[in-house]
Amino acid sequence: MRRHYVIVGILVIVMSVLIYIGLDSAGLMPVEASAQAVDIDWMWNLEVIAMSFLFSLIVAPLAYSLIVFRRRKGDTTDAEHMEGNTRLEVAWTIVPLFIVMAYAYLGAINLAATQRADPEAMVVRVTGLQWSWTFEYPAVNGVTVVSDELHVPVNKQILLRMTSNDVIHSFWVPEFRVKQDLVPGRITQLRITPTLEGNYKVRCAELCGTSHAFMEKPVIVSSQEEYDAWFAVALEDAVTASQTPEGRGQALVAANGCAACHSINGAPGIGPTWFGLIGRTEELNDGSTVVVDEAYVHESIKAPQAKIVAGFENQLMPTYGFTDEEIADIVAYIKTLR
Amino acid sequence: MRNTNPVWKGLLLLLVAGAIGYGIGLVLDLLVSGAINTSGPVGAAFAILFAVTAFFFGVYGYRGITRGLVYQVVGTLVGALLITGIRALMGLDTIFGVYLFSEPAWVVGGVVGVVSFLFGVGVVHDWVQWSRGIDTPEHHTDEPGWEKYFGVSLDHKVIGIQYTITALVLIAIGGTFAMIFRTELAASQLQFLTTELRLFNQTGPQIYNTLMSLHGIIMIISILLGISGIMNYAVPFLVGAQDMAFPRLNAFAYWVSVPASVLMLLSLVLGGFDTGWTGYPPLSARAPVGMQMFFLGVFTAGWSSILGSLNVIATVVRLRAKGMSAMRLPILVWASVATSIIALTATQLIGLSFQLVMFQRLFGMPFFDAARGGNPVLFQHLFWFYSHPAVYVFVLPGLGVISELLPVFVRKPLFGYRWVAMSSLGIALVGFTVWAHHMFTSGMNEYLRVPFMYSTLLVAVPTGVKFFSWVATLWGGKIETPTPMLFVLGAIIVFLMGGLTGPPNAAIALDLHLHDTYWVVGHFHDTIFGGFVFPFFAAIYYWFPKATGRRMNEFWGKVHFWMMTPSFFVLTLGMMVIGLRGMRRRIVDYDPALGFDFIQLLMTIGGYLIALSVLIFIINLVHSIKHGEKAEGNLWNSRSPEWQVPSPMPVHNYDVPFEVVGEPYDYGLKDSKYVEFSPNGQKHIEFTKEPEVQPHRH
């Protein structure tokens, strides 16, 4: 019997090492592009060690038993009677208890590492909406840059202060690892320190309806100089746009993610396209037709369910709290789309 | 028609009635909305209701389940029309809705339909009679042959098989849904679930959301019914009882799950729902009427779980054979009790959380509406307080099956019986304290996440005890590997993979990466296949001869195992790999730039092979009922009491009661016995001498 224990012991060790090497070299995680990713991958490595060892600890003796202790042909007797071993049972209760508590402790330390706050962090306000993202940068002279792309400088902690306009969304850039839900009615926050320049994507991780799969927007990590250059241009655009109705309308459309449903180039979408909208004849779901004018668009924004274009019955557009002036700006912008 | 096979007759009627129902739906749609919508929901809703009902009519005639379904259809229409009438009298603008009836009308119709079903099928008949002061016979005589399975029976073995068959039907439906979207996911970009598609008023991505959501909940209900099948069938004869403690309640618990399943299917065509089975508001507060049918279906199925587990506990506490002390209970009974404790006390919370959203939608009560002072995160706490322990409900009976069958095929006692028994209770109790580990990214208090990490990791300890004990049981045995044992071994390895991929999710910071990805999808498919699917198949292969007197074909059983197991590994390992690399859950399409196409294709092939292997299993099962090799004796050479009497078992299990005289799993101990049959073995109430106490007969 001693021989069996020795062989299985060696098998467990060999198998653990092989599985660990295999998993470690398989490149299972995406690129590490943030300081938090480094901490999280450290924890992942610990878990891979535990998984490799425990898998081998059970499967090696199980497989060994299946081969060595299989029933021989013609043998109809029972095996040797062995009911249990209290010392062994106590051991495999107490030892794992200490191990899991140690892992929980390390997990807590690891959490603290990823939460470390930099008081100088750059604050970006994030809004999630069905099905787009908007990013609002700190105001300069009363003008705010709003974009549907997240531009951040490398090696500087950013503090995302996030909320949602409609349902729950979740901010996740796999290369940054960390993830946080955006909940209507409250502000949640997430700290990320990007460490690797590149183009990534934020992908909504919490099921949020029809186009959940496509709720992705670019995240661009660049050097401080490139970021400053981008910001200067964006700021200038924002200042210019705020002086014309079309420009203000376009900014409102960007800030509220209208384009997630209404294409501006005639492509089909969740809602009717805005390309050539004003003056177009639309068929409604009750069979009547309507020629789209400013008043119709105004009504459709204020009361989206009042008239529904045929084919869009199952697409409930939410109401937005736009003022009449804002709607006029949006209409001015829509007029330019033709 | 006399000599026609009733199944063919049923299928023929299914097609005819489906077509008629579709026609009626289109006409109603035309009357109300003024336009014919051939891919619309109303025609489909009537087609489904008519077709299912007609199928059972063809197979079984107008009684039992058929009458229940007819009552449900009529009840649904009556309830809906009542509300529609009231709305008309109140002079409301919207008397009808997009789905013919308005949402309140559908909900009330759904409730009335469920109650009507229960009256129609006859499961409340005795209670109604008693309430009117009329006595009914203590025992009902079942029809001979297969027909008893289509009507109300009070026999726990019949009900156990009814549960099992219903579970298999739901597994087939839920599996088919999964195959549809797995096919779509085989390559990036939208293949056939495109945005131009219109089916039941839903676009391709919406159909995906509905099918994905229904796959989840239908599989969950099939699991709940599957474990009820195992427990109902086995627990009474394992403890030496003649039946469950409350046979009428037992039948009620089964039958209430049937109208619940119909409601689930209706949700598919009434606009579907796009929330997943978790139904988080605010999304679920905005979804189409199908959402309400889903809520109502889960609410109704919950009764089945609560009442069924009450019955299991009462049976084990009150109806054990003489000498069956706590530490001589078969290990599956311990697992069943542990599961039943959770199901009895936690199921209410999912019902409550869904009910609150129903009320938010129906009456405008803003429980989870942040704009009006509600709290969306509160829902998640209520929901997970059941839905995490629920996964232990799913797996504990399966782990019990593993522990129960292992000694039989190893010919050695279960190693550390007491520890294995107590570990089930340990998992059940610790399981109540871990729910918020599903909410690490939810925006709940950041510091409160830490205690939930500790409690979650604690679950690993009793689970580890089970694994170590199983390996120690195998060690030094004389292992045989017929089909049930293959599935037991498969279960151990697959559940091990599920178990080991759990702790990384508990480490909070790491979970911030893993949460809501395919890693988690792979993890829980491993736990559920290892903890339920494999043991469920093992139990069916193992007890099939007990139920029928014949055994299932060994060759095809082994084909089933060897086809399913490797395919399953490809599927779930693929899920975990792409999950780590950035594949989110519940998406109809993924970014081609991520480079997942090849792995997704492999996973889809794996999925098809699993489906094929289950099809082989079902054919084997049906074929073996009549044509299997005869096996009326102690086929597995087990010590358990049910195998000491011929198969199939008589109606009240043991003609001569037994007394427990030894340990259940003392294989290899010379001249030892677990049970001894003797007339004085019976401790509990004797049915024939004195009727059971019924306080309602005044």
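Everything discussed here concerns the structure shown above.
Fair warning: this is a prediction, and the values are worked out from it, not measured in the lab.

The rules behind each value
- Residues numbered from 1 in each chain as written.
- Chains lettered and ligands numbered in written order.
- Predicted model: local features only at pLDDT ≥ 70, side-chain atom pairs only at ≥ 80, totals over all residues.
- Buried ≥ 20, exposed ≤ 12 C-beta atoms within 10 Å, placed from the backbone.
- Helix = DSSP H or I, 4+ residues; strand = E, 2+ residues; numbered from the N terminus.
- Pairing = 2+ DSSP bridges.
- Axes fitted to C-alpha atoms, helices over the stretch in contact; angles between N-to-C directions.
- Parallel < 35°, antiparallel > 145°, perpendicular 65-115°, else oblique.
- Left-handed = near helix turned anticlockwise from the far one by under 90°.
- Contact = placed C-beta atoms within 7 Å.
- Nonpolar A, V, L, I, M, F, W, Y, C, P; charged D, E, K, R; others polar.
- Expected span 1.5 Å × (residues − 1).
- Core = buried A, V, L, I, M, F, W, Y, C linked by C-beta atoms within 7 Å.

Enquirer: Tell me about the pairing of strand β6 (residues 169-172) of chain A, residues and numbers included.
Expert: Residues and elements named next belong to chain A. Of the two faces of β6, the one holding His169 and Phe171 and the one holding Ser170 and Trp172 are both buried throughout. As defined by bridge partners, β6 adjoins strand β7 (residues 179-182) across 4 bridges and the pair is classed as antiparallel. If you follow phenylalanine 171 over to β7, its bridge partner there is glutamine 180. The turn joining β6 and β7, which pair antiparallel and follow one another in sequence, is formed by 6 residues; a positive phi near 75 degrees is taken by arginine 177.

Enquirer: Quick one: what's the story with the packing of helix α17 (residues 483-500) of chain B against helix α20 (residues 518-548) of chain B, residue by residue and with numbers?
Expert: All names here are of chain B. At a minimum axis separation of 7 Å, α17 and α20 run at an interaxial angle of 165 degrees. By the angle between their axes, α17 is roughly antiparallel relative to α20. As α17 runs across α20, the sense of the crossing is left-handed. Seen from α17, the contacting residues are Thr483, Pro484, Phe487, Val488, Gly490, Ala491, Val494, Phe495, Met497, Gly498 and Gly499; seen from α20, they are His523, Asp526, Thr527, Phe529, Gly530, Gly531, Phe534, Pro535, Phe537, Ala538, Tyr541 and Tyr542. Taken together, the residues that form the contact of α17 with α20 break down as 14 nonpolar, 8 polar and 1 charged.

Enquirer: Just give me the short version of the interface of chain B and chain A, but keep the residues and values in it.
Expert: Listed per partner, the contact involves 82 residues of chain B and 73 residues of chain A. It is helix α16 (residues 460-474) of chain B that contributes the most residues to the side of chain B that touches chain A, 8 residues altogether. Taken together, the residues that form the side of chain B that touches chain A break down as 47 nonpolar, 21 polar and 14 charged.

Enquirer: Lay out helix α22 (residues 597-627) of chain B with the relevant residues and their values.
Expert: Residue and element names in this part refer to chain B. With 31 residues, α22 should reach 45 Å at 1.5 Å per residue; the first-to-last C-alpha distance of 44 Å fits that figure. Gln600, Met603, Thr604, Gly606, Gly607, Ile610, Ser613, Phe617, Asn620, Leu621 and Ser624 are the residues of α22 that are buried. Contacts from the buried residues of α22 go to α6 (156-185), α20, β3 (550-551) and α21 (554-581).

Enquirer: Provide a residue-level description of the nonpolar core, including the pertinent values.
Expert: Counting 298 residues, the largest nonpolar core has Trp255, Leu405, Val488 and Ala538 of chain B as the members making the most contacts within it. Top contributing element to this core by residue count: helix α7 (residues 204-239) of chain B, with 22 residues. Discounting residues that sit within four places of it in the chain, tryptophan 255 of chain B has contacts with Leu118, Val121, Val123 and Val152 of chain B. Counting 7 residues, the second-largest nonpolar core is a separate cluster that includes Ile327, Ile330, Val331 and Ile334 of chain A.

Enquirer: Quick one: what's the story with the pairing of strand β8 (residues 188-192) of chain A, residue by residue and with numbers?
Expert: Regular strands place side chains that alternate from one sheet face to the opposite one. Residue and element names in this part refer to chain A. Judged by which residues are buried, β8 turns out to be one-sided: Thr188, Leu190 and Ile192 face inward and are buried, whereas Gln189 and Arg191, on the alternate face, are not. Bridging between strand β5 (residues 158-164) and β8 involves 5 bridges; their strand directions are antiparallel. Its bridge partner being in β8, arginine 161 is matched across the sheet by glutamine 189.

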